[in-house]
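Residues per chain are reported as follows:
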Amino acid sequence: MRQITIRDVRAEDVPEIKAIIAGVWDWEGMFDGERTLDAALGIYLNQVLFEATFGRAAVVNGKVAGVIFGSVDGVEPKYRTLLEDGTAHALTLLAAPESDRKTILGYFAKIAAIYEELTSGIMDDYDGTLDFLVLAKEAQGLGIGKRLWAALKAYFAENNTKRIYLYSDTECNTGFYESQGFAKRLERKAAFDFDGEVFEADIFLYDIRLD
């Protein structure tokens, strides 16, 4: 019998969260070595943890199966104590093969530029963000995403948050967000170079009014 618990994110959850991201995003095997993969995942997750004011993990039979992070304007970030050593990750990348380094840095730089472009001139429209939501492949379809979103939505209500946004793309389950009332506001096309192999995707900005 499945036992599903929704609780606050803890420091010991970080390795499991990184493993979920690697599996869902198919990053495993993309880089030359586990240390490079771990550094790439750590750099990405650190960005989420640095800003988040709310986080919940879904634990299924004792194992983290999904996580959600969000933030409210004007509220102090809560999860910076969970940050991994960014300097160590940077040094790992410096020692990695040039192809891996270019792949990682190019991806992060392009994503950041597109995100900034999507929200340019409209940031004042929002007072909260759904920063990140991911479910392990084996946990999808169990209603866990809805439970995590319900927890974050309740947090937004407690903080009188009126309108929030999130970033998504063609590789994500955008149908889930639409089923929860989010609407696509903007989109941009992007092409990423993964060691000579070009991957194309549409990047989306979704939003929702909560009042």
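These numbers were taken from a predicted model, which means no experiment stands behind them.

Enquirer: I keep staring at the packing of helix 1 (residues 14–24) against helix 2 (residues 34–51) and nothing clicks. Help me out?
Expert: As a packed pair, helix 1 and helix 2 sit with axes 10 Å apart at the nearest point and diverge in direction by 105 degrees. Between helix 1 and helix 2, the crossing angle belongs to the class labelled roughly perpendicular. From helix 1, Val14, Ile17, Lys18, Ile21 and Ala22 reach across to helix 2, where they touch Asp38, Leu41, Gly42, Tyr44 and Leu45. The class makeup of the residues in the contact of helix 1 with helix 2 is seven nonpolar, one polar and two charged.

Enquirer: What is the right way to read the pattern of salt bridges from this model?
Expert: Between side chains of opposite charge, pairing is possible as soon as their charged atoms come close. Scanning the model with the defined rule gives 14 salt bridges in all. Here arginine 163 makes a salt bridge to aspartate 207, at a shortest N to O gap of 2.9 Å. Taken together, the positions of arginine 163 in strand 5 (residues 163–169) and aspartate 207 in strand 7 (residues 197–209) put the pair 44 residues apart, joining distant regions of the chain. The burial state of arginine 163 is the same as that of aspartate 207; both residues are buried. Two residues, aspartate 207 and arginine 185, come together in a salt bridge whose shortest N-O distance is 3.7 Å.

Enquirer: Just checking my understanding: could you explain the nonpolar core for this structure?
Expert: Soluble, globular proteins show a tendency: their nonpolar side chains are buried together. Counting 66 residues, the largest nonpolar core has Phe69, Leu130 and Phe182 as its most contacted members. Broken down by element, the residue count for this core peaks at eight residues, all from helix 2. With near-sequence residues (within four places) excluded, phenylalanine 182 lies in contact with Leu130, Trp149, Ile164, Leu166, Tyr177, Tyr206, Asp207 and Ile208.

Enquirer: For this particular structure, what's the right way to read the sheet that holds strand 4 (residues 128–135)?
Expert: By way of backbone hydrogen bonds, the strands of a sheet pair with one another, either parallel or antiparallel. In spatial order, the strands read 1-2-3-4-5-7-6; together these seven strands make up an open sheet with mixed pairing. The open sheet has two free edges, formed respectively by strand 1 (4–8) and strand 6 (183–194), since each of these has just one partner strand. Each neighbouring strand pair of the sheet contributes to a mean axis angle of 20 degrees, computed without reference to strand direction. Strand direction decides the pairing type here: strand 5 and strand 7, joined by seven bridges, are antiparallel. Bridge pairing in strand 7 places tyrosine 167 opposite leucine 205. Each of strand 5, strand 6 and strand 7 is contacted by helix 4 (residues 98–119), which is oriented at about 160 degrees to strand 6, the strand it contacts most. Helix-sheet contacts for helix 5 (residues 144–158) involve strand 1, strand 2 (54–60), strand 3 (63–72), strand 4 and strand 5, and the interaxial angle to strand 3 is about 30 degrees.

Enquirer: Just checking my understanding: could you explain helix 5 for this structure?
Expert: Because an α-helix completes one turn every 3.6 residues, residues spaced three or four positions apart along the sequence face the same direction. The terminal C-alpha atoms of helix 5, which comprises 15 residues, lie 21 Å apart, in line with the 21 Å expected from a rise of 1.5 Å per residue. When helix 5 is considered as a whole, its buried residues turn out to be Ile144, Gly145, Leu148, Trp149, Leu152, Tyr155 and Phe156. Buried residues of helix 5, seen end-on, are gathered within an arc of 130 degrees and therefore sit on one face of the element. Exposed residues lying more than 90 degrees from the buried face of helix 5 are Lys146, Ala157 and Glu158. Just beyond helix 5, the residue with positive phi is asparagine 160, at close to 55 degrees.

Enquirer: Any chance you could explain the side chain of arginine 7 here in plain terms?
Expert: Along the chain, the position of arginine 7 falls in strand 1. Within the structure, arginine 7 has its side chain in polar contact with the side chain of aspartate 13 (distance 2.8 Å). With residues near it in sequence (within four places) discarded, arginine 7 still touches Asp13, Gly55, Arg56, Ala57, Val59 and Val64.

Enquirer: Honestly, the environment of arginine 185 in this entry has me stumped. Any pointers?
Expert: In this fold, arginine 185 is placed in strand 6. Dropping the residues within four chain positions of it, arginine 185 is found in contact with Ile122, Asp125, Tyr126, Arg163, Leu205, Tyr206 and Asp207. For arginine 185, the side chain forms a polar contact with the side chain of aspartate 125, separated by 3.0 Å.

Enquirer: What exactly am I supposed to notice about helix 3 (residues 86–95) here?
Expert: Along helix 3, the positions that sit buried rather than exposed are His89, Thr92 and Leu93. Viewed end-on, helix 3 has its buried residues packed into an arc of 100 degrees, placing them on one side of the element. When the buried face of helix 3 is taken as reference, the exposed residues oriented beyond 90 degrees from it are Thr87, Leu91, Leu94 and Ala95. Where helix 3 is buried, its residues meet helix 1, helix 2 and helix 4. N-cap assignment for helix 3: the residue whose side-chain oxygen lies 3.0 Å from the backbone N of threonine 87 is aspartate 85.

Cut-offs and rules
Residues numbered from 1 in each chain as written. Predicted model: local features only at pLDDT ≥ 70, side-chain atom pairs only at ≥ 80, totals over all residues. Heavy atoms only, no water. Axes fitted to C-alpha atoms, helices over the stretch in contact; angles between N-to-C directions. Helix = DSSP H or I, 4+ residues; strand = E, 2+ residues; numbered from the N terminus. Parallel < 35°, antiparallel > 145°, perpendicular 65-115°, else oblique. Contact = heavy atoms within 4.5 Å. Nonpolar A, V, L, I, M, F, W, Y, C, P; charged D, E, K, R; others polar. Salt bridge = Lys/Arg side-chain N within 4 Å of Asp/Glu carboxyl O. Buried < 20%, exposed > 50% of the residue type's maximum accessible area, 1.4 Å probe, protein only. Core = buried A, V, L, I, M, F, W, Y, C linked by side-chain atoms within 4.5 Å. Pairing = 2+ DSSP bridges. Expected span 1.5 Å × (residues − 1). Arc of directions from axis to C-beta. Polar contact = N/O pair within 3.5 Å; in protein donor to acceptor, adjacent residues only side chain to side chain.

The analysis is restricted to geometry; functional conclusions fall outside its scope.
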